[in-house]
There are 2 protein chains.
Amino acid sequence: MEATEIKQREKRTKMKRSIIDVDIHHKTELEDIKPYLPRAYRDQIDLWGWRLPGSLWLNGGVKVGQMADSTPPDGSFPGSNLEFMRKQLLDPYNIEYGVLTGTEYFCQASPDADYAAALCSAINDFTCDHWLANESRLKGSVFIPKQDPLLSAKEIRRIGSHPDMVQVIVASGAEKPYGNRFYHPIYEACVEQDLPFTIHVLLEGLGINAPNTGAGYVSYYPEYRACRPQVMAAHLASFIYEGVFEKFPTLKVVLQEAGVFWLAPFLWKMDEDWKALRFQTPWVKKKPSEYFFSNVRVSSQPLEPTPNMEIFRQLMNAVNASETVMFCSDYPHWDFDSPLMAFPKLEDDLWERVFYQNAAELYGLPARKAQKEE
Amino acid sequence: MEATEIKQREKRTKMKRSIIDVDIHHKTELEDIKPYLPRAYRDQIDLWGWRLPGSLWLNGGVKVGQMADSTPPDGSFPGSNLEFMRKQLLDPYNIEYGVLTGTEYFCQASPDADYAAALCSAINDFTCDHWLANESRLKGSVFIPKQDPLLSAKEIRRIGSHPDMVQVIVASGAEKPYGNRFYHPIYEACVEQDLPFTIHVLLEGLGINAPNTGAGYVSYYPEYRACRPQVMAAHLASFIYEGVFEKFPTLKVVLQEAGVFWLAPFLWKMDEDWKALRFQTPWVKKKPSEYFFSNVRVSSQPLEPTPNMEIFRQLMNAVNASETVMFCSDYPHWDFDSPLMAFPKLEDDLWERVFYQNAAELYGLPARKAQKEE
């Protein structure tokens, strides 16, 4: 974070208009969710530990991967203290609504699906009790044991109707691309509960998931980051070519933290190939880009930095950003995007779509309570 | 292929200036290379067959994946008849030099590295004897058993000094990303023989290679195609972050048939992350894009179709096309790019770089013999 930015934040400079931040990582300590687990798992944990895959590269579960100043005064893990989150993020940046995306994805890469299901339920209940009940600006994401789509659907039906749960969330690391029919019971439940299905980069190559690239495992963290958009691209191609959006036309999918502009050449090429090859997948009735524009949304952080404004505008246009892109900060991770600096200057209409309306429409969030002026 | 284009080709309309085509798939029937194999393998083949992985999706080894009119008059496989290749490709398109890239990659995904090495030697010898010896416009690619980098280096040293062998070639499907230290003996031999290392899309997810995406296997051919650039992206990130271009500063790497414009946002983001994270890989001394510009070349087919000329120019500029992009046709595959239609209109200087000079410099090919005027 730039020095000027820290200064601005300390002054609590209000943004003129409130915004929606669709990716805020609150942190739940495993010990805190233990009381929410069935006795059998508490006993297993006492005997064998938590049995979760470790970080091979850096990720959000590691304290040093957080913003330098995001540790709360009580010394707890960044993102774990609601009062401090209010002071550091919600108030100064004038966040009308923030979508909590958690940190406890690791259970989604466990080979033990029942255990993962118990952990997800505990995480979801803890989020409802300790976050959503205490701060009306915050909305929640339903963690699911995606190893077992039927258990996932059960969890979506159990907690998804909670009025402050606004989406279902999974890590992008997976055994199969998410369009695969294996996962369709999840989408049936998402549509039934009217919840978007959000894929957040994480867990690629960990636990039971496939190696993190189509050429096997990478060695280093920056290399791992460079390969994250490609995993998301695989999921997107899969949703389209498996016909998920024909089977579930109202399903919305959110691609989170994988960048934005890679989508432009990816969609151009998919559209061209679809023209030549659609006889193999006749259930894919529209151009791939049409499904993207109607059914997929993308969060902004980390936006690829463009070399000039002309290509920035061209690429924003190519991905139809005024309908598809939603601002997010990724608080409190080290590569946090301040809403003051996340984008080059946007036209007012586009700013309004990206910083509020696209998220409000997707998540069914109300209009602003007031437009605050300094 | 458009009707007008076929007509133009039938008329043998000469292009004004000759060109270099860096990706021409000649085809060698396995039965034809059998005499080049050691007796032990001929016996095994008689007993057990060829033991090569089959196509899970479509690819260049399947006859229906070829241009509709590319079957030679003798009924042989497209790309297997030199005389017909002259008539259909080399003469009408005024190809000064063409780089043969073969079709027999499948041995590179066999678990039996010695057998793969024997097959590669046989393929290379057959190419020298039946193609390079008979047509001075054609240049060859050294197939290597990349499962075993030491055997690969041996093959590069055995045949790489042949005056018409201009590069080493592998399929993009791999057990590990190609920057990994496991492969470095290959690059030592490439540098010693002054041969570029070319990665051609193919074999992703087949045989012993990793699943074809970072989220496992896809189901369909268009989906598989959509995911090919991502495998190439993983290899490129790997070359850069494993420090290959610091260890082998004269090594040139060619990315073939994975598109071009995805590179722009990929490089922008890698550069940004490098600034923040290079402490983990201090041997990566320059921005990732600098290594790309100095050590990597890209062939053109299949170029992502851009929605307008302004973004086309911006993206050509972003990848520094005047130094990095080389035209190729991918003859005789179904998605063949005619040099008359492969690009929107290029400025003359840029045309000259893309259609001749970049390839001539990379492969050490002479200047044009003559500039033919109609």
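Every chain's residues receive numbers from 1 upward, in the order its sequence appears when written. As they are written, the chains are lettered A onward and the ligands numbered 1 onward, keeping that order. The predicted nature of this model means local features are confined to residues of pLDDT at least 70 and side-chain atom pairs, given and counted, to a pLDDT of 80 or more, with totals for whole chains, interfaces and linings taken over all residues. Note that water and hydrogens are dropped before the side-chain values are worked out from all heavy atoms of the structure.

> Would you mind going over helix α6 (residues 149-159) of chain A with me for this structure?
Note on helix geometry: an α-helix contains 3.6 residues per turn, so any two residues three or four positions apart are oriented the same way. All names here are of chain A. In this scheme, a residue with accessible area under 20% of its type's maximum is buried, one over 50% is exposed, and one in between is partly exposed, where area comes from a 1.4 Å probe on protein chains only. Helix and strand assignments follow DSSP, with helices taken as H or I runs no shorter than four residues and strands as E runs no shorter than two, numbered in order from the N terminus. Those residues of α6 not exposed but buried are P149, S152, A153, E155, I156 and I159. On an axial view of α6, the arc spanned by its buried residues comes to 160°, and they lie on one face. Facing away from the buried side of α6, by more than 90 degrees, are the exposed residues L150 and K154. Contacts are residue-level and defined by heavy atoms, with any inter-residue pair within 4.5 Å sufficient. Buried residues along α6 sit against α5 (113-132), β3 (138-143), β4 (165-171) and α7 (184-193). A side-chain oxygen of the first residue of α6 lies 3.0 Å from the backbone nitrogen of L150; this N-cap is D148. To obtain the arc, one takes the directions from the helix axis to the C-beta atoms. Two N or O atoms count as a polar contact when they lie within 3.5 Å, although within protein this holds only if one can serve as hydrogen donor and the other as acceptor, and sequence-adjacent residues are included solely when both atoms are side-chain atoms.

> Help me out: how do you make sense of unusual backbone geometry in this one?
Apart from glycine, the bulk of residues carry a negative phi angle, and the bulk of peptide bonds sit in the trans form. In this structure, the amide linkage connecting Q301 of chain A to the following residue, P302 of chain A, adopts the cis form with an omega of -5°. Residue P332 of chain A follows Y331 of chain A across a cis peptide bond; omega there is -5°. Examined against the element boundaries, P332 of chain A turns out to sit in the loop between β8 (325-326) and α15 (348-363). Not every positive phi belongs to a glycine, and R51 of chain A is a case in point at roughly 50°. Assignment of secondary structure puts R51 of chain A in the loop between α3 (39-48) and α4 (82-90). Judged by relative accessible area, which is 32%, R51 of chain A ranks as partly exposed. Look at N94 of chain B: it is not a glycine, yet its phi comes out positive at around 55°. Residue class for N94 of chain B comes out buried when judged on its relative accessible area of 4%.

> Before we go on, may I ask you to explain the side chain of T127 of chain A in this structure?
Residue and element names in this part refer to chain A. Note on placement: T127 falls in helix α5. What makes T127 buried here is its relative accessible area of 2%. A distance of 2.9 Å separates a polar atom in the side chain of T127 from a polar atom in the side chain of H26. When residues no more than four places from it in sequence are discounted, the contact partners of T127 are H26, L100 and L132.

> Would you mind showing me how to read the pattern of salt bridges here?
Pairing of side chains with opposite charge becomes possible as their charged atoms draw close. Residue and element names in this part refer to chain A. Note on definitions: salt bridges are taken to be side-chain nitrogens of Lys or Arg within 4 Å of carboxyl oxygens of Asp or Glu. Applying the stated criterion across every chain yields a total of 46 salt bridges over all chains. Close ionic contact of R86 with E135 constitutes a salt bridge, the shortest N to O distance being 2.6 Å. In this pair, R86 sits in helix α4 while E135 sits in the loop between α5 and β3, placing the two residues 49 residues apart along the sequence. Taking the relative accessible area as the measure of exposure, R86 reaches 18% and is therefore buried. Among the charged side chains, a salt-bridge network with shared partners connects E83, R86, D91, E135 and R137.

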